[in-house]
Each structure stands twice: as C-alpha cells, then as structure tokens.
Amino acid sequence: MPDDIGSHPQPALTGDAQGKPASNNGARRKRLFMILGGAVAGAAVLWGGYWLLIGSHYVATDNAYVNADTAQVTALVAGQIIEAPVSETQMVKKGQVLALIDPADYRLAVERARAELGQAERRVGQYFANDEALSAQTSARNADIARAEAQLASARSDFSRAEVEYGRRRNLSASGAVSGDELTQAENRFQAARAALTAAQAGLAQARANAAQSVGQQKAANALIAGTDAKTNPEVAAARARLAQAELDLSRTTIRSPVDGVVARKQVVVGQKIANGAPVMSVVPIQSAYVDANFKEVQLRKVRAGQPVELTSDLYGKSVKFHGKVAGLAGGTGSAFALIPAQNATGNWIKVVQRVPVRIVLDPKELAEHPLRVGLSMEATIDVSKR
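Scoring rules and cut-offs
Residues numbered from 1 in each chain as written. Predicted model: local features only at pLDDT ≥ 70, side-chain atom pairs only at ≥ 80, totals over all residues. Heavy atoms only, no water. Helix = DSSP H or I, 4+ residues; strand = E, 2+ residues; numbered from the N terminus. Pairing = 2+ DSSP bridges. Core = buried A, V, L, I, M, F, W, Y, C linked by side-chain atoms within 4.5 Å. Buried < 20%, exposed > 50% of the residue type's maximum accessible area, 1.4 Å probe, protein only. Contact = heavy atoms within 4.5 Å. Phe/Tyr/Trp six-rings, centres within 6.5 Å; stacked < 30°, edge-to-face > 60°. pLDDT = per-residue confidence, 0-100. Expected span 1.5 Å × (residues − 1). Arc of directions from axis to C-beta. Polar contact = N/O pair within 3.5 Å; in protein donor to acceptor, adjacent residues only side chain to side chain. Patch = residues over 30% accessible without salt bridge, like charges linked within 9 Å, V, L, I, M, F, W, Y side chains within 5 Å. Areas by Shrake-Rupley, 256 points an atom, 1.4 Å probe, with all protein chains shown as cover. Salt bridge = Lys/Arg side-chain N within 4 Å of Asp/Glu carboxyl O. Axes fitted to C-alpha atoms, helices over the stretch in contact; angles between N-to-C directions.

1. Topic: unusual backbone geometry
Unusually for a residue other than glycine, threonine 89 sits at a positive phi of about 70 degrees. Its place among the elements puts threonine 89 in the loop between strand S3 (79-83) and strand S4 (91-92).

In structure tokens form, the structure reads like this:
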C-alpha cells in the first residue's frame, strides 16, 4: 500500500499566524506585571500613609506585667500566735487585724514600767523636798555663824577684861596691896577667859564649816532638779519613755494590715511562736496596681512621662480596655539590674537590643471595675504623638 494512505496533509502556517499568539502572551504578561506593580505601589503608599498618619504615633509591646508595691507584714515583737483570723486570697482593709500575739508578758511589762514611773516621780518629789530642807538648813547654818561670831566677840571682851585685872593685881602683889588669894582668883579668871576665847574661836570655825557643808549639800541636791520640774526631770522622763515603749510593744502584739489589699503568702498559724522581725504574710494592694512595660530601646525615642497608654490583659481579653499614663522610665535596662549582669567587655560580643522598663499608672476606677493581680500579662500601646 502507498505510504501516504490514511494521512491528511496539513496546511502551512504563515508568518503572521505564528507571531500573533506570542505577542498576545507577552502583552498579557506585561499587563499582569503592571497590575502587580501597581498593587505593590498602592500597598506601599497605603502603608506609608498609615505609618505617617497613625503608626508612627504609637509604640506597643506585649512584654508588660502587672505589679504592685506589696506590703510585707512582719512581727515587731516576739511571741506565740493565738489568733490568725484571715486566710489566703481574703480582701482586707487597712487596720484590720491579721494576727494576734499572746499579750500576757507585755501587759506585765506595762505594769512594771508604770510602777517604775511612780517610783521615779516620788523620788524626784523627794529631791525637791530635800532641796527645800537643805535651803532652810543653810539659813540655819548662817544663823549659827552669826551667833558664833557674837560669842567670839563676847569671849574676846571677857578675855581682855580678865587680862587687865590679872595684870593689875600681879603688879600690886609685889607691894603687898593684893593678897595671894585675890591674885590667884584673878589668874583663874584670866585662864578661864582665855579658854572661853579659844572655844568661841573653835565654835565660829565649826559654824562656818557646817555652813559650807550645808551649801555643798544644797548644790548637790539642786543639781538633780536644776532647770526641771517634777514632770520634766530626766529620771521621770526616762521612766515615762520606758512605759511608752512597753505600751508600744503591747500594741504591737496585734498585727494589723498596713494597706487595703489581698492577703498572700500567709506564713503563720495558731500556736506558732515567731521571733521579732519574722515575716507573717503579705498584703497586695491590687487597687493601686501598676504596669511595668518592657519596651525595646529603639521604641523609646518619643516616650515621655504623662503620655496616655491603652492596655489590655489576657485575663479579660481585648474587649476590656485599661487606660493609664506613663509615670516614668527606669534608671537602667533589665540586664543592667540582673542578678548576674552581662559582661559585654569579655569574650565574643553580639549586640542585643535591650529593653527598658516603663512604669504605667492605671485608672483607679477601671481597676475597681476590673481588678488585676500581680504578675498578669498585659499589652501596652503608648500614644507618643502627645508630649
């Protein structure tokens, strides 16, 4: 059979017919690239406009956590716990009783200090009485001096008279005008007057010595009360201070909450004996909680204190918005205050973007409506357009 049986000859294509599909494909591809380029350019314009008008006005981070100035409650006196009426997670008010230490020993200390104060007041009262008595005694000693001086003057007068009489009779005795008995009597009176004069001189010296001793005693007594009265005397003041300390220790047997908040980390039970300074529990003031947001250093160029902040928490979700203000920036990065700071001057070094804690205070009304707990995660967005 012929080789071409059953075959159908094909018509030959012209040059125009071959180039037309290729040109259509190129045009279509070109249009697609143009559309894609226009879409990219439009998206870039839209993104640039969004960043210029909106995005550049905000910085955000999800590295933020709730914090609070937790009150650490410690025992200020030692003793046995006899009451612990609060429990973990319980809300407490400022001044509410958290625990009670056995006050028996401290009541006795108050009574002892009160008795010592009474003794001090009586002792000081005696000081004032002694001062008055010694003042009167000094006056009496001065009177004794005056009397001794008068007696000395009288003794001198008697001595002079006796001396003159004795001398006259002694001169007359040689001519026999005076008997021997009369001369002897005159001599005896002279000797007696001399002895009386000596005694009067000694009496004056004794009176002056007694007066000097009385003055010294009065000065010593006055030194105990000088510049004070019975209430301001140092001994009374010291005893009153001991009483105040004893009363303070007694009051400290009742442990009260220093702030409003939630009880956490309770560490005492009834019957436990605790030492002075031992931790009892913590009170977390959730009503005054704040947020520490850790922003990257490159985000902080425009951050200033007072700028508004919008926050959300994982606890309540995106539907609940918290509002606050920037209180300030920390004095250093987190790594700078780490327990073991990075030693960037040693070994191989790789630059790592650091984070700086930013303190954010929250609206108290919003906190009251939606309480937070310490450690909860937050997302914070700062409006840096307002300075």
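2. Focus: the pairing of strand S1 (residues 58-67)
Here six bridges tie S1 to strand S14 (residues 377-383), and the two strands are oriented antiparallel to one another. Paired with alanine 60 across the two strands is threonine 381, which belongs to S14. Across four bridges, S1 lies against strand S10 (residues 290-296) in antiparallel orientation. Bridging from a neighbouring strand, alanine 64 pairs with alanine 293 of S10.

3. Things to note about the nonpolar core
Counting residues in each nonpolar core, the largest one holds 29 residues, and the members touching the most others are Phe295, Leu311, Ile360, Met378 and Ile382. For this core, the elements supplying multiple residues, two or more each, are S1, strand S7 (261-264), S10, strand S11 (308-313), strand S12 (317-329), strand S13 (355-362) and S14. Counting residues per element, this core draws most heavily on S13, which supplies four residues. Contacts of isoleucine 382, omitting those with residues within four sequence positions, involve His57, Tyr58, Val59, Phe295, Val303, Gln307, Pro308, Val309, Val326 and Val358. Membership of the second largest hydrophobic core comes to 20 residues, among which are Ala84, Tyr106, Val280 and Val283.

4. A closer look at the packing of aromatic side chains
For any two aromatic rings, the description comes down to two numbers: the centre-to-centre distance and the angle of the planes. Scanning the model with the defined rule gives one aromatic pair in all. Here tyrosine 316 and phenylalanine 322 contribute two aromatic rings whose centre-to-centre distance is 6.1 Å and whose plane-to-plane angle is 50 degrees, an arrangement assigned as tilted.

5. Concerning the pairing of strand S2 (residues 71-74)
Here S2 shows a clear split, with Ala71 and Val73 buried on one side and none of Gln72 and Thr74 buried on the other. Note: S2 against strand S9 (residues 279-284), four bridges, orientation antiparallel. From the neighbouring strand, glutamine 72 faces S9, where its bridge partner is serine 282.

6. Points about the confidence of the model for the protein
Keep in mind that low pLDDT regions are not for reading the predicted coordinates in detail. Residues at a pLDDT of 70 or more form 89% of the protein, whose mean pLDDT is 84. Here residues 1-8 scores under 50 on pLDDT; set against residues more than four positions off or in separate chains, the count is zero contacts. A low-confidence stretch, residues 12-17 stays under pLDDT 50, and its non-local contacts, those more than four residues away or across chains, total one contact.

7. Describing the environment of proline 258
Relative to the helices and strands, proline 258 resides in the loop between strand S6 (254-256) and S7. Counting along the chain gives 163 residues from proline 258 to glycine 95, while the straight-line C-alpha distance between them is 6.2 Å. Setting aside its immediate chain neighbours within four residues, proline 258 contacts Ala71, Val73 and Lys94.

8. Concerning helix H4 (residues 234-251)
If you check H4, its first and last C-alpha atoms are 25 Å apart, about what 18 residues at 1.5 Å a residue would give, namely 26 Å. All buried positions along H4 are accounted for by Val236, Ala239, Leu243, Ala246 and Asp249. The arc enclosing the buried residues of H4, seen along the axis, measures out at 150 degrees, which places them on a common side. For H4, the side-chain oxygen to backbone nitrogen distance between the N-cap and glutamate 235 is 3.0 Å, and the N-cap itself is asparagine 233.

9. Notes on a nonpolar patch on the surface
On the surface, Phe33, Leu36 and Val40 cluster together to form a nonpolar patch covering roughly 330 Å² of accessible area. Residue placement: phenylalanine 33 occurs in helix H1 (residues 15-53).

10. Examining the sheet that holds strand S5 (residues 97-101)
Strand order in the open sheet formed by four strands is S6-S5-S3-S8, and the pairing between neighbours is antiparallel. The sheet terminates laterally at S6 and strand S8 (273-274), the two strands that pair on one side only.

11. Things to note about the pattern of salt bridges
For the structure shown, the criterion picks out eight salt bridges. The partner of arginine 359 in a salt bridge is aspartate 292, and the shortest N-O contact between them spans 2.6 Å. Of this pair, arginine 359 sits in strand S13 while aspartate 292 sits in strand S10, and the two are 67 residues apart along the sequence. A relative accessible area of 32% places arginine 359 in the partly exposed class.

12. Some words on the sheet that holds S1
Within a beta sheet, neighbouring strands are joined by backbone hydrogen bonds and run either parallel or antiparallel to one another. Spatially, the six strands close up into a barrel ordered S1-S10-S13-S12-S11-S14, and their pairing is antiparallel. Taken pair by pair, the neighbouring strands of this sheet meet at an average axis angle of 40 degrees, ignoring direction. Alignment of S10 against S13, held across seven bridges, turns out to be antiparallel. Paired with asparagine 294 across the two strands is proline 357, which belongs to S13.

13. A word on the side chain of serine 282
Relative to the elements of secondary structure, serine 282 occurs in strand S9. Since its relative accessible area comes to 1%, serine 282 is described here as buried. In terms of polar contacts, serine 282 uses its side chain to reach the side chain of glutamine 72, at 3.3 Å. Leaving out residues up to four positions away in the same chain, serine 282 has contacts with Thr70, Ala71, Gln72, Val262, Val263, Ala264 and Arg265.

14. Some words on the environment of alanine 275
Among the secondary structure elements, alanine 275 is positioned in the loop between S8 and S9. Given the relative accessible area of 46%, alanine 275 is considered partly exposed. Considering only alpha carbons, one finds alanine 275 and glutamine 80, 195 residues apart in sequence, at a separation of 8.9 Å. Among all residues touching alanine 275, those that are not within four sequence positions of it are Ala75, Val77 and Ala78.

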